[in-house]
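Close look at the chain arrangement
Read off the chains here:
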Amino acid sequence: MFKKIKVPKDEQIKITVQSIYLGHHQVTYKGIKAIRCPFDYVIYQMIINEVKPDLVIEIGTNIGGGALYIADLLDSNGKGVLHTIDIVDMIDPKVKEHNRIKFFTKGWEDYDLTLTKGFERILIIEDASHSYKDSIGILNKFHEVVSVDSYFIIEDGIINELGLEKEYDGGPLKALREFLPNHPEYTVDRKWCDMFGKNATFNVNGYLKKMI
């Protein structure tokens, strides 16, 4: 049992969704900007270690710090490649040196799904524009290629909590509410969504495990 004591003001802990949101824009990996909630970085390494995918598809590269992190996790597993997709090439040159990463810069709609053939364990991370239109489009296009017992991770449902739902036309959560009732092969894995507290993740209800 912990005894409740009065904590001096300069030792008090004050954390809000807004403070974490502002902080996640400052996250780097090996000195390269990697905009992702630290909670989710920890979860990603656990999932990739558990699933041991031989293909990860990341939709939304940005500068590429997140892609580099994922590729290094694949290195730790000793297997796997990363296909990272964006609509522009603003990728740090250091990221392009990693031999496990293949870059696609014509957007998710142009990505050829036949490139997934021959891979046995496929995991997908949707981190595109966060608009409802893109989120539902990506879910509908890519859901079939995710492997059983692997994950389709839909990022940034947190925008609703930040008051940005209208700006993104409902965003990822609207897409999930539409997608999940029609796809019983997927379930929201609460083990990951609630690891640090109920939906204490930027990927609110966004860790989808493919069951069948």
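Going by the structure above, here's the rest.
The following paragraphs examine the structure supplied in this document. (Residues numbered from 1 in each chain as written. Predicted model: local features only at pLDDT ≥ 70, side-chain atom pairs only at ≥ 80, totals over all residues. Heavy atoms only, no water.)

1. Details of the packing of aromatic side chains
The relative placement of two aromatic rings is captured by the distance of their centres and the angle of their planes. Within the structure shown, the criterion is met by eight aromatic pairs. Ring geometry for Tyr 41 and Tyr 69: centres 4.8 Å apart, planes at 85 degrees, overall edge-to-face. Of this pair, Tyr 41 sits in helix 2 (residues 38–51) while Tyr 69 sits in helix 3 (residues 65–77); the two residues are 28 residues apart in sequence, bridging distant segments of the chain. Note on Tyr 69: relative accessible area 12%, which makes it buried. Ring plane angle 75 degrees and centroid distance 5.2 Å describe the contact between Phe 104 and Tyr 111, whose orientation is recorded as edge-to-face. An aromatic cluster is present here, built from Tyr 29, Tyr 41 and Tyr 69 joined pairwise through their rings. (Phe/Tyr/Trp six-rings, centres within 6.5 Å; stacked < 30°, edge-to-face > 60°. Helix = DSSP H or I, 4+ residues; strand = E, 2+ residues; numbered from the N terminus. Buried < 20%, exposed > 50% of the residue type's maximum accessible area, 1.4 Å probe, protein only.)

2. So, the nonpolar core
Within the largest apolar cluster, 57 residues are counted, with the highest numbers of intra-cluster contacts made by Ile 47, Ile 57, Ile 124, Leu 139, Phe 142, Phe 152 and Leu 208. If you tally residues by element for this core, the top one is helix 3, at seven residues. Here Ile 57 is in contact with His 83, Ile 85, Tyr 111, Thr 116, Ile 122, Leu 123, Ile 124, Ile 125 and Phe 142, once residues within four sequence places are set aside. (Core = buried A, V, L, I, M, F, W, Y, C linked by side-chain atoms within 4.5 Å. Contact = heavy atoms within 4.5 Å.)

3. Remarks on a nonpolar patch on the surface
Taken together, the side chains of Val 42, Met 46, Met 195 and Phe 196 present a nonpolar region at the surface, about 300 Å² in accessible area. With respect to the secondary-structure elements, Phe 196 resides in the loop between helix 7 (190–193) and strand 9 (207–210). (Patch = residues over 30% accessible without salt bridge, like charges linked within 9 Å, V, L, I, M, F, W, Y side chains within 5 Å. Areas by Shrake-Rupley, 256 points an atom, 1.4 Å probe, with all protein chains shown as cover. Salt bridge = Lys/Arg side-chain N within 4 Å of Asp/Glu carboxyl O.)

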